[in-house]
Amino acid sequence: MEQKHRTLLIIDGIINLALGILLLLVPFGMASFLGVPEPVSFLYPCILGAVLFGIGIALLLDVWGGSKGVRGLGIGGAIVINFCGAGTLLGWLSMSSTELPMRGWVLLWCIALVVLLVGVVELVSKSWRE
């Protein structure tokens, strides 16, 4: 695996792990701390957090498990996930009338733009081609 491919997978994996942890901490007051909407039920943020955390592990597994014949998610899947996640969040932020504190808007826009940027860099680098 090329070094740029490894680096992109590591960055993407760490971002997914971090976002997963933030969502898993929603029941413990993380939403209000970050200034984002408090969910009616903690079920969906926790499930999404667990999925993002699992994606992060799968991406890092692809980096460090390859030499042992263990495969994870791969860069192609990461690109699709990044575009779907960032696109949905950007659409929601653009069309939503939800009143959020400024720190919530800034945080969500930053997350969406960072995830989109990582997906674009992965796509443009052509690291998904064998």
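Residues numbered from 1 in each chain as written. Predicted model: local features only at pLDDT ≥ 70, side-chain atom pairs only at ≥ 80, totals over all residues. Heavy atoms only, no water.

*Asks:* Lay out the layout of surface pockets in plain terms, naming residues and giving numbers.
*Replies:* For the largest pocket, the calculated volume is near 940 Å³. As for the largest pocket, its lining consists of 34 residues, and the residues nearest its centre are Leu23, Leu48, Leu52, Leu89 and Leu108. Of all the secondary structure elements, the ones that give two or more residues to the lining of the largest pocket are helix H1 (3–24), helix H2 (30–34), helix H3 (43–64), helix H4 (75–95) and helix H5 (102–124). The element best represented in the lining of the largest pocket is H4, accounting for eight residues. Split by residue class, the lining of the largest pocket holds 28 nonpolar, four polar and two charged. (1 Å grid on protein atoms, 1.4 Å probe; cavity = no way out; pocket = protein on both sides within 12 Å on 5 of 7 lines; lining within 4 Å. Points joined across faces, edges and corners; volume = space filled by probe spheres on them. Helix = DSSP H or I, 4+ residues; strand = E, 2+ residues; numbered from the N terminus. Nonpolar A, V, L, I, M, F, W, Y, C, P; charged D, E, K, R; others polar.)

*Asks:* So what's going on with the packing of H1 against H5? Which residues, and what values?
*Replies:* Packing of H1 against H5 leaves a shortest axis separation of 11 Å and a crossing angle of 155°. By the angle class used here, H1 and H5 are roughly antiparallel. By crossing handedness, the relation of H1 to H5 is classed as left-handed. Judged by residue contacts, Leu8, Ile11, Asp12, Ile15 and Leu19 of H1 engage Ile111, Val114, Val115, Val118, Val121 and Glu122 from H5. A per-class count over the contact of H1 with H5 returns nine nonpolar, no polar and two charged. (Axes fitted to C-alpha atoms, helices over the stretch in contact; angles between N-to-C directions. Parallel < 35°, antiparallel > 145°, perpendicular 65-115°, else oblique. Left-handed = near helix turned anticlockwise from the far one by under 90°. Contact = heavy atoms within 4.5 Å.)

*Asks:* An account of the packing of H1 against H4 is requested, with residue identities and associated values reported.
*Replies:* Closest axis-to-axis distance for the H1/H4 pair is 11 Å, and the angle between their directions is 45°. Taken together, the axes of H1 and H4 are oblique relative to one another. Here H1 and H4 pass one another in a crossing that is left-handed. The segment H1 lies against H4, with His5, Leu8, Leu9, Asp12 and Asn16 engaging Ile75, Ala78 and Asn82. Class assignment of the residues belonging to the contact of H1 with H4 gives a composition of four nonpolar, three polar and one charged.

*Asks:* Explain the packing of aromatic side chains to me, and be specific about the residues and the numbers.
*Replies:* Applying the stated criterion across every chain, the model contains one aromatic pair. For the pair Trp92 and Trp105, a centre-to-centre distance of 6.5 Å together with 25° between the ring planes defines the contact as stacked. Highlighted residues: Trp92 in helix H4 and Trp105 in helix H5, separated in sequence by 13 residues. Here Trp92 falls in the partly exposed class, since its relative accessible area comes to 34%. (Phe/Tyr/Trp six-rings, centres within 6.5 Å; stacked < 30°, edge-to-face > 60°. Buried < 20%, exposed > 50% of the residue type's maximum accessible area, 1.4 Å probe, protein only.)

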